[in-house]
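# Observations on chain architecture
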Amino acid sequence: MTPVMGALLRLWAAAALAVPMMAAAQDAPPVINPPPTAKDWAAIGKLPDWSGVWIPDTPDPREMARRTKANPAPWTEKAAARIAKQNEDRKAGRPDNIFANCLPEGMPTWMMISNNAMEIAMVPGRIYFLGESDGNRLRRIYTDGRPHPAEPDPTFHGDSIGHWEGDTLVVDTIGILPQVWLATGEASGVPNDGDMHVVERIRLTGPDALTDTLTITAPHVLTRPWTTTRLFNRSRRRDYDIVEGVCLQENFTAETDETGDAVFKPQAMRDDGIRKPVDKPTGGEAR
Amino acid sequence: MNHRPNPFVARSLTIAALGLALLAGPARAHHSFAMFDNDHPGALTGVVKQVIWSNPHIALLVYRDAKPSETPELWTFESGSPGNLTRAGWTSRSFQPGDRVMVQYLPLRDGGDAGQIVKATVLATGKVYGTGEK
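Residues numbered from 1 in each chain as written. Chains lettered and ligands numbered in written order. Predicted model: local features only at pLDDT ≥ 70, side-chain atom pairs only at ≥ 80, totals over all residues. Heavy atoms only, no water.

This brings us to the pairing of strand β9 (residues 197-206) of chain A. Strand residues, when the strand is regular, have side chains that alternate between the two faces of the sheet. All names here are of chain A. Direction of pairing for strand β6 (residues 168-174) relative to β9: antiparallel, over a ladder of five bridges. Residue pairing across strands places T173 opposite V198, the latter belonging to β9. In this structure, β9 lies alongside strand β10 (residues 209-217), joined through nine bridges in antiparallel fashion. Bridge pairing in β10 links V198 to I216. Linkage of β9 to β10, two consecutive antiparallel strands, is achieved through a turn of two residues. (Pairing = 2+ DSSP bridges. Helix = DSSP H or I, 4+ residues; strand = E, 2+ residues; numbered from the N terminus.)

Here the focus is the pairing of strand β5 (residues 114-122) of chain B. All names here are of chain B. With three bridges joining them, strand β3 (residues 74-78) and β5 adopt parallel strand pairing. Bridge pairing in β5 links E78 to Q116. Inspection of the sheet shows strand β4 (residues 100-107) paired to β5 by seven bridges, in the antiparallel sense. When the sheet's bridge partners are listed, P107 is paired in β5 with G115. Relative to strand β6 (residues 127-129), β5 is paired through three bridges, and the arrangement is antiparallel. Note that in β6 the partner of T121 across the bridge is V128. Here β5 hands over to β6 after four residues, with G126 in that stretch at a positive phi of 80 degrees.

Glancing now at the interface of chain B and chain A. How big an interface is tends to be reported as the loss of accessible area on association of its parts. At the junction of the two partners, chain B supplies 44 residues and chain A supplies 46 residues. Contact between chain B and chain A buries roughly 3,800 Å² in total, counting both sides, with carbon and sulfur atoms accounting for 50%. Inspection of the chain B/chain A interface yields four salt bridges. Between B:D113 and A:K276 there is a salt bridge, with the nearest N and O atoms lying 3.0 Å from each other. The interface formed by chain B and chain A holds 11 residue pairs in polar contact (both at pLDDT 80 or more) in total. Breaking the side of chain B that touches chain A down by element, the ones donating at least two residues are α1 (7-20), β1 (42-52), β2 (59-64), β3 and α2 (82-86) of chain B. Residue contributions to the side of chain B that touches chain A peak at four residues, all from α2(B). Its residues assigned to classes, the side of chain B that touches chain A comprises 21 nonpolar, 13 polar and 10 charged. (Contact = heavy atoms within 4.5 Å. Buried area = accessible area lost by both parts, 1.4 Å probe. Salt bridge = Lys/Arg side-chain N within 4 Å of Asp/Glu carboxyl O. Polar contact = N/O pair within 3.5 Å; in protein donor to acceptor, adjacent residues only side chain to side chain. Nonpolar A, V, L, I, M, F, W, Y, C, P; charged D, E, K, R; others polar.)

Fine structural detail should not be taken from predicted coordinates in areas where pLDDT scores are low. All names here are of chain B. A residue-level look at chain B finds 78% of positions with pLDDT of 70 or above and a mean pLDDT of 81. Per-element mean pLDDT across chain B ranges from 39 in α1 up to 97 in β4. Overall fold confidence (pTM) sits at 0.80, and the ipTM for the predicted complex is 0.75. (pLDDT = per-residue confidence, 0-100.)

Partitioning chain A into domains gives domain 1 (53-240) and domain 2 (247-276). If you average the C-alpha positions of domain 1 of chain A and of domain 2 of chain A, the two centres end up 31 Å apart. (Domains from an automatic or database assignment.)

Below, the discussion takes up the environment of A:V199. All names here are of chain A. Counting through the fold element by element, V199 comes out in strand β9. Since its relative accessible area comes to 26%, V199 is described here as partly exposed. Sequence separation between V199 and A150 is 49 residues; the distance between their C-alpha atoms is 18 Å. Once residues lying within four places of it in the same chain are set aside, the contact partners of V199 are V170, V171, D172, T213, L214 and T215. (Buried < 20%, exposed > 50% of the residue type's maximum accessible area, 1.4 Å probe, protein only.)

Moving on: the pattern of salt bridges. When charged atoms on two side chains of opposite charge get close, those side chains can pair. All names here are of chain A. Under the definition given, this model contains 18 salt bridges over all chains. Between D89 and K85 there is a salt bridge whose closest N-O contact spans 3.0 Å. One end of the pair is D89 and the other is K85, both in helix α4 (residues 77-91) and four residues apart, which spans about a single turn. Measuring nitrogen to oxygen at the nearest pair gives 2.8 Å for the salt bridge that ties D239 to R237. Using a relative accessible area of 34% as the deciding quantity, one classes D239 as partly exposed. Where salt bridges share partners, they join D57, E63, R66 and R67 into one cluster.

All names here are of chain A. W75, F129, L182, I216 and L222 are the most contacted members of the largest nonpolar core, which totals 38 residues. If you tally residues by element for this core, the top one is helix α5 (residues 109-113), at four residues. When near neighbours in sequence (up to four residues on either side) are disregarded, L222 contacts A73, P74, W75, T76, L182 and I216. (Core = buried A, V, L, I, M, F, W, Y, C linked by side-chain atoms within 4.5 Å.)

Moving on, we get to the side chain of A:T76. Residue and element names in this part refer to chain A. On the secondary structure map, T76 appears in the loop between α3 (61-70) and α4. Taking relative accessible area as the criterion, T76 reaches 17% and is therefore assigned buried. Residues in contact with T76, not counting those within four places in the same chain, are H220, V221, L222 and T223.

A covalent bond bridging the sulfur atoms of two cysteines is what the word disulfide describes. Residues and elements named next belong to chain A. As enumerated under the stated definition, the model contains one disulfide over all chains in all. Note that C102 is cross-linked by a disulfide to C247, the S-S spacing being 2.0 Å. Note on the C102 and C247 pair: the S-S dihedral is about -70 degrees, so by sign convention the disulfide is left-handed. Of this pair, C102 sits in the loop between α4 and α5 while C247 sits in the loop between β11 (226-235) and β12 (252-256), and the two are 145 residues apart along the sequence. There is no split in this pair, since C102 and C247 are both buried. (Disulfide = S-S within 2.5 Å.)

Below, the structure is given as structure tokens:
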């Protein structure tokens, strides 16, 4: 190796080393979530106790209609027209369940209309809402003082930041997918179309009553911010504990394949979503 | 309590069976219940074929009582989710294949052989299962 070649090689090696080092120097160091201390866990015990299973208040259709009349959502003209059509269809028995595809209701609609129970769990720095319908009916509310990301990637449940004001948890949610329905029923709602912002004030309003007061700003479908409430009632009964709830399971039927393995096969359905089981009576002809 | 279909309903049933039996279609299992007629509840007795204990709606499959010369129709009765029905006092074993039952239901508006359960009773024991919280 000549001295020149040796110098060139050293230069190349230095450059090869320097490039990744420079790139690393430009990135901010990753933020580390501090491991919770015994004191952090103890602090959870001083918060209002929201543990357990919460069953949403689900009024009958008459009461629902009364509430809608008392506090109508300030829909834009376009949204109102679509909802009026949905209401006509429902009355005529032509339901269009906007959640028929089993995607999550998302925020804030889950809190507003779900008929399914949820469990709440608090750990240092975050609060989980665990919905009974599907494992992805899950909210994480960060209470560790972090801000929203500057540009959150939109999700069904958005980015939720919470802080306590006395016994009230104030939750600010942005970053919700524009396709997420803003709905007042399973067959009554519109896609929010983006830029939605939800502020919730959640507090115990009785020993086993939790009230979520939601103020929803959805500039593409509401003419002004709209405030509505949802009540959840707690049960400590063990037989009320949350069970698994896979929304798509109904589309499948449990069968045995030709090798004897237990398998799910597509379930025949009527076009309105009611199962249409294939009748295979034993000892007789199939219809 | 064995209610007989009128000729129109019987015709609709045949059409529904022919037209819809093989419809797999897009995933629509998580349906609403607006296709059921709240204003005209019905009731029938029959024999349980199977309980499908799955989300988001369970199904109780019942062979409706028929004359000896007839083939019993298989009816599909749907209700709430396993979680919500557990809180209403059901288990996946509340109804066993072969149990004689009386089902009070909201019928399909199109006359199809399915309904939404209002109450279902195991006739041998008289045990009634509703859908409200216990």
